[in-house]
Amino acid sequence: MIHSSLTQLGAALRTKKISSVELTRLYLDRIAHQNPQLNAFITVNPELSLAQAQAADARLAADQADALTGIPLAQKDIFCAQGWLTTCGSKMLHNFVSPYDAHVIELFNRAGAVNLGKTNMDEFAMGSSNETSYYGPVKNPWDTARVPGGSSGGTAAAVAARLCAAATGTDTGGSIRQPAALCGISGLKPTYGVCSRYGMIAFASSLDQAGPMGRSAEDLALLLNTMAGFDERDSTSLQRDKEDYARDLAKPLNGLRIGLPKEFFTAGMGADVAKAVEAAIAEYKKLGATIVDISLPNSKLSVPVYYVLAPAEASSNLSRFDGVRYGYRAPEYTDLTDMYEKSRAQGFGEEVKRRIMIGTYVLSHGYYDAYYLQAQKIRRLIAQDFTEAYKQCDVIMGPTSPSTAFKLGEKGDDPVQMYLSDIYTIAVNLAGLPGMSIPCGFGANDMPVGLQIIGNYFGEARMLNVAHQYQLATDWHTLMPKGI
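Procedures and definitions
- Residues numbered from 1 in each chain as written.
- Predicted model: local features only at pLDDT ≥ 70, side-chain atom pairs only at ≥ 80, totals over all residues.
- Heavy atoms only, no water.
- Buried < 20%, exposed > 50% of the residue type's maximum accessible area, 1.4 Å probe, protein only.
- Helix = DSSP H or I, 4+ residues; strand = E, 2+ residues; numbered from the N terminus.
- Axes fitted to C-alpha atoms, helices over the stretch in contact; angles between N-to-C directions.
- Parallel < 35°, antiparallel > 145°, perpendicular 65-115°, else oblique.
- Contact = heavy atoms within 4.5 Å.
- Nonpolar A, V, L, I, M, F, W, Y, C, P; charged D, E, K, R; others polar.
- Core = buried A, V, L, I, M, F, W, Y, C linked by side-chain atoms within 4.5 Å.
- 1 Å grid on protein atoms, 1.4 Å probe; cavity = no way out; pocket = protein on both sides within 12 Å on 5 of 7 lines; lining within 4 Å.
- Points joined across faces, edges and corners; volume = space filled by probe spheres on them.
- Salt bridge = Lys/Arg side-chain N within 4 Å of Asp/Glu carboxyl O.
- Expected span 1.5 Å × (residues − 1).
- Pairing = 2+ DSSP bridges.
- Patch = residues over 30% accessible without salt bridge, like charges linked within 9 Å, V, L, I, M, F, W, Y side chains within 5 Å.
- Areas by Shrake-Rupley, 256 points an atom, 1.4 Å probe, with all protein chains shown as cover.
- Disulfide = S-S within 2.5 Å.

> Break down helix α7 (residues 217-227) for me, citing the residues and quoting the values.
Helical geometry: 3.6 residues make up each α-helical turn, so side chains three or four residues apart lie on a common side. Across the eleven residues of α7, nine count as buried, placing the element largely inside the fold. Positive phi appears at Gly229, one or two residues downstream of α7, with a value of about 160 degrees.

Have a look at this one:
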């Protein structure tokens, strides 16, 4: 069962080959066995999960099932879920049990999906390796001495190790796509506003977006069908007609125009990654696609722009964590100001503190115009580059990450090198475009390589079609780590 697609699992549940309770217990047993080694989950609550599974079985028996009814999924610990510990990977929220559901969680509950637990993540989604979590680093199932990527590293590791059928992640600068690439799974960041951010603990509000992570493009389409939708509680949520993201999966790729940005294929990309990506592009040519050379001239500015804008928004968003209303409070303090200072100093990790300080600096008097406003102007230029590129091509392709998974601790002393792990993904968030990563081979040390596919606004169905046809022709997405 753990090798089955979401479609196959749904069919097995509806034909009574297995019950949701049995399937949920299978995954809970795998979590109990594998999680001590991988640290992919922060919270597991078998009682809550099995109660949902029993309710799903009742729906199935009454022939009232949706596509995901009874299927056990994992949720990144950035989504509030009623009755569940919701920590965001931080000591600051180590005791916070959410009194309400995020909109994405509401939609999964409405569909009858089972929540297996909350997955580990970089603290407040700040990181590219899942080493900043208060609950310890997540290990890559392909090599437990290496990182799984971040910030959705717990989700990526859980899917790769078959500890869940599929799962959710969030992507602020590549936090779905980069860990998907490093763990050899598929992951998709939708167009900004397609999935509601209500109940999703904010890092950088103009960049954050929820998205699905799974084994294949077909699975991602089914997940996105449930996750996407308008929510009036989120002012950035887009009111659009409901669409079926799986509608174009079977379409052939004849005539597809693939844009290859020259800025993505530079000396910064590892030779092993380049080889795998070039082989994937050659496969697309066999499938009927044509290649168009394009340029994204301002993409080289994505990292510095991101690390002005994202910390600025984080500085504002994280001001709510002050030890007063909920979350961590310092045990000893002299007055209110001392309580604020000690609670934040003790509750936040080093990377979060670094970004809060950077963000506060660029928003301060005398620096706002010099840094923040300039970054916003360049952000617009980056988006315009994509608009021009899509006049020549249908999708854009390139590497997801410049290297395969690096060793735990390898980049911990060099934040800039860590930040450059997202050099190919950040521009997509700055422009608000949809992007995804799918497995396309292996590089050094037999570690997975991801191919990034970037679509035009609201082009998720086309991207999923492009990915699905490649996955019909290859088997990279079916492989799983040895010994798992």
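> Give a detailed account of the packing of α7 against helix α15 (residues 460-473), specifying residues and quantitative values.
Orientation of α7 relative to α15, taken along the N-to-C sense of each, is 155 degrees, at an axis distance of 8 Å. What the angle tells us is that α7 and α15 run roughly antiparallel. Residue-level contacts link Ala217, Glu218, Leu220, Ala221 and Leu224 of α7 to Glu460, Leu464, Ala467, His468 and Gln471 of α15. Grouping the amino acids of the contact of α7 with α15 by side-chain chemistry returns six nonpolar, two polar and two charged.

> How would you sum up the nonpolar core? Please name residues and give values.
If you look at the biggest cluster of nonpolar residues, it comprises 143 residues, and the most contacted ones within it are Phe124, Tyr284, Phe386, Met436 and Ile453. Of the residues forming this core, the biggest block, nine residues, is contributed by helix α9 (residues 302-317). For Tyr284, the residues in contact, after removing those within four places along its chain, are Leu253, Ile258, Ala289, Met397, Ile438, Leu451, Ile453, Val466, Ala467 and Tyr470.

> Residues and numbers for empty space enclosed by the protein, please.
Within this structure, the stated rule accounts for three cavities of 30 Å³ or more. Considered as a void within the structure, the largest cavity measures approximately 50 Å³ in volume. Residue composition of the lining of the largest cavity, by class: four nonpolar, four polar and two charged.

> Before we move on, could you go through the pattern of salt bridges and cite the residues and values that matter?
Under the counting rule described, the total for this entry stands at 18 salt bridges. Linking Glu106 and Arg233 is a salt bridge whose minimum nitrogen-to-oxygen distance equals 2.8 Å. A residue pair is termed long-range when its members are at least 10 positions apart, and Glu106 in helix α4 (residues 103-111) and Arg233 in the loop between α7 and β7 (257-261) qualify at 127 residues. The exposure class of Glu106 is partly exposed, given its relative accessible area of 22%. With a relative accessible area of 39%, Arg233 lands in the partly exposed category.

> Lay out α15 in plain terms, naming residues and giving numbers.
Spanning 14 residues, α15 covers 20 Å between terminal C-alpha atoms, matching the ideal 20 Å at 1.5 Å per step. Most of α15 is tucked away: eleven of the 14 residues are buried. Summarising the contacts, the buried residues of α15 are in contact with β5 (186-189), α7, α8 (271-286), β9 (395-399), β10 (435-442) and β11 (448-454).

> Could you give an account of the pairing of strand β6 (residues 210-214), naming the residues involved and the relevant values?
Most of β6 sits inside the fold, with five of its five residues counted as buried. Of the two faces of β6, the one carrying Ala210, Pro212 and Gly214 and the one carrying Gly211 and Met213 are both buried. Bridge analysis of strand β4 (residues 166-170) against β6 gives four bridges, and the strand direction is antiparallel. Looking across to β6, one finds that Thr168 is bridged to Pro212. Examined bridge by bridge, β5 and β6 share two bridges and lie antiparallel to one another. Residue Ser186 lies in a different strand from β6, and its bridge partner there is Gly214.

> Requested: an account of a nonpolar patch on the surface, with residues and values cited.
A contiguous nonpolar surface patch, about 240 Å² in accessible area, is contributed by Val324, Leu336 and Tyr340. Relative to the helices and strands, Val324 is located in the loop between α9 and α10 (336-347). Residue class for Val324 comes out partly exposed when judged on its relative accessible area of 35%.

> Before we move on, could you go through the packing of α8 against α15 and cite the residues and values that matter?
Between α8 and α15, the shortest axis-to-axis distance is 10 Å and the interhelical angle comes to 95 degrees. Between α8 and α15, the angle falls in the class roughly perpendicular. Of the residues in α15, those touching α8 at Ala280, Glu283 and Tyr284 are Val466, Ala467, Tyr470 and Ala473. Split by residue class, the contact of α8 with α15 holds six nonpolar, no polar and one charged.

> Quick one: what's the story with the state of the cysteines, residue by residue and with numbers?
Enumeration according to the criterion identifies zero disulfides in this entry. Free of any disulfide, Cys88 has its nearest neighbouring cysteine sulfur in Cys80, separated by 8.4 Å. Cys440 carries a free sulfur, and the closest cysteine sulfur to it, the one in Cys183, is 15 Å from it. Overall, Cys440 belongs to the buried group, its relative accessible area being 3%.

> So what's going on with the sheet that holds strand β3 (residues 114-119)? Residues and values would help.
Strand order in the open sheet made by the eleven strands is β1-β3-β2-β4-β6-β5-β10-β11-β9-β7-β8, with mixed pairing throughout. Sheet topology places β1 (41-43) and β8 (290-294) at the edges, where each strand pairs with a single neighbour. Pairs of neighbouring strands in the sheet enclose a mean axial angle of 30 degrees, with direction left out of account. Pairing of strand β2 (residues 72-76) with β4 involves two bridges; the strand directions are parallel. For Ala74, the partnering residue across the bridge sits in β4 and is Ala167. The strands touched by α4 are β2, β4 and β6; relative to β2, the strand with the most contacts, the crossing angle is about 175 degrees.

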